[in-house]
Amino acid sequence: MFKANANYLKLPGSYLFSTVASKISQYCEENPEKAGRIVRLGIGDVTQPLAPSIVAALHGAVDEMASAETFRGYAPDLGYDFLRETIAKCDFAARGAAISPDEVFVSDGAKSDSANIQEIFSEDARVAVCDPVYPVYVDSNVMAGRTGVYDEATGLWSNVSYMPCTRENGFAPELPHPDEDISLIYLCFPNNPTGAVIDKPRLQAWVDYANEHGAVIVYDAAYEAYITDPALPHSIYECDGARTCAIEIRSFSKNAGFTGTRLGYTVVPHDLKDADGVSMRDLWARRHGTKFNGAPYIVQRAGEVVYSEQGARETGEQIAFYRENARIILEGLREAGFDVFGGVNAPYIWLKAPNGMTSWDFFDMLLNQVQVVGTPGSGFGPSGEGYFRLTAFGSREDALEAVSRIKAL
Ligand code: MLT
């Protein structure tokens, strides 16, 4: 009789956002009269429609697919040159970071890349993650059999190094002790879920640590578009030496509304080599070639337009809109007496649940009493217990309504 992959059986419960979604469905079934009243600020899904320039590019590309002369079949599995060249120029060269187009791997999104990237590292690579953390980094390593044994009581895996991000340390992870012999460090800035940011000297310290100790940083920069402070780095490649120790993952979801359209990319520099001189860039290319047939042509054309003058203006307006939501939520809850963090240079607001409540108790209270949905902080890791995340990606009405209902509690 066949057997399931035992690593998958180690995964505790369901994926965080699936659990939240099923709780909402259950609530709606039990309280149909309240279903229409729910304000959803849980998962970080955008709500603004695609910008006009992006829609025009999609239409144009669909028309190309309708004619024999311009029809495209399989996309190049690493991405079309027009998009990779634009990314190298606009996201990196423009910020003084030297990344060549053939180090850019276009994909169907940052979530899959951040889950898949661990595949090119050894099975016994020790992983370090922030706590709280975007659950995909840990779960994908669980599936790969790298994380050891799960302790139900602490919510920790035996072979994972956790870097607590707490109010006391300003939600900033500390460098792991060198004896921990870390191979893979996941960092995300602006951070999901805490909304914390990192300045260049601190990011440089991570790069120096990784180079010194032979580790790789997987840098998730999915939220970089929310940075307004000119002192903050948008890319890890703005730091000296990052080409030999860092992989960067980017998304078109949060800056241009592609959550449903799907587009992202990963940068793996030629200079990133393992202990035996193996090129991680070539391994990732090998993996991509075997497991992926390229993001759709029409979507890559739409992604290219994000960098045009009109595209940048239109998407910039959407980002400003979400930033204003973040400000409304942050200031509103602060006025109401909550301890609130993040929300500046970041689309997530991280708040302390009142009166020592647990994250899930606060979730249930908000859902049951005022029909506001957020994400329980403990779902992102043990150090998130007692915290709660709200997203700025809702409509303006939702942001205002959520604040006024929470205030009224
Ligand atoms: C989140 O809510 O944390 C994000 O939307 C998840 C994601 O981007 O996959």
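In this text the structure is predicted, and so the values were computed from the model without any measurement.

K.L.:
Outline the site of the ligand, listing residues and values.
P.N.:
Contacts to the ligand come from F17, I43, G44, K111, Y134, N192, Y223, K254, Y348 and R389. Burial of the ligand by the protein chains amounts to 86% of its free accessible area of 260 Å². Looking at the shell around the ligand, its residues break down into 5 nonpolar, 2 polar and 3 charged. Counting residues domain by domain, the shell around the ligand receives three or more from each of domain 1 (12-49 + 310-408) and domain 2 (56-308).

K.L.:
Please set out the pairing of strand β8 (residues 216-220) residue by residue, giving values where relevant.
P.N.:
Of all 5 residues in β8, 5 are buried, a share of seventy percent or more. Along β8, one buried face is formed by V216, V218 and D220 and the opposite face, lined by I217 and Y219, is buried too. Pairing of strand β7 (residues 184-188) with β8 involves 5 bridges; the strand directions are parallel. In the strand pairing of β8, L187 is matched with Y219.

K.L.:
Which residues make up the domain arrangement of the chain, and what values do they have?
P.N.:
Along its sequence, the chain is organised into domain 1 (12-49 + 310-408) and domain 2 (56-308). Its C-alpha centre places domain 1 at a distance of 25 Å from the equivalent point of domain 2. Taken together, the two surfaces of domain 1 and domain 2 that pack against each other cover about 2,900 Å², and 59% of this comes from carbon and sulfur. For domain 1, the biggest contributors to the area lost against domain 2 are Y15, N345 and F380; these three give 22% of the whole. At the junction of domain 1 and domain 2, the tally comes to 1 salt bridge. Its salt-bridge partner being D339, residue R167 comes within 3.1 Å of it at the nearest N-O pair. At the level of secondary structure, the elements contributing two or more residues to the side of domain 1 that touches domain 2 comprise α11 (309-335), β11 (340-342), β12 (348-352) and β15 (387-391). Considering every element that reaches the side of domain 1 that touches domain 2, the biggest residue donor is α11, with 8 residues. Residues of the side of domain 1 that touches domain 2, tallied by class, amount to 17 nonpolar, 13 polar and 5 charged.

The rules behind these values
- Every chain is numbered independently, its residues counted from 1 as its sequence is written.
- Residues qualify for local features only when their pLDDT is at least 70, as the model is predicted, and side-chain atom pairs are given and counted only at 80 or more; totals for whole chains, interfaces and linings, by contrast, use all residues.
- Note: side-chain values were computed over all heavy atoms of the structure, leaving out hydrogens and water.
- The rule for a residue being near a molecule or strand is that one of its heavy atoms must lie within 4 Å of it.
- Methods summary: accessible areas were calculated by the Shrake-Rupley approach with a probe of 1.4 Å, and residue burial reflects only the protein chains presented.
- Three classes are used: nonpolar for Ala, Val, Leu, Ile, Met, Phe, Trp, Tyr, Cys and Pro, charged for Asp, Glu, Lys and Arg, and polar for all others, with Gly counted as polar.
- These domain boundaries are the output of an automatic or database domain assignment.
- With a 1.4 Å probe rolled over the protein chains alone, any residue whose accessible area is under 20% of its type maximum counts as buried; one over 50% counts as exposed, and the rest are partly exposed.
- Working definition: helices are DSSP H or I runs of at least four residues, strands are E runs of at least two. Numbering for both runs from the N terminus.
- Whether two strands pair comes down to DSSP finding at least two bridges between them.
- For any pair of parts, buried area is found by adding up, for both, the accessible area (1.4 Å probe) each one loses once the two are put together.
- Any carboxyl oxygen of Asp or Glu that lies within 4 Å of a side-chain nitrogen of Lys or Arg is treated as forming a salt bridge with it.

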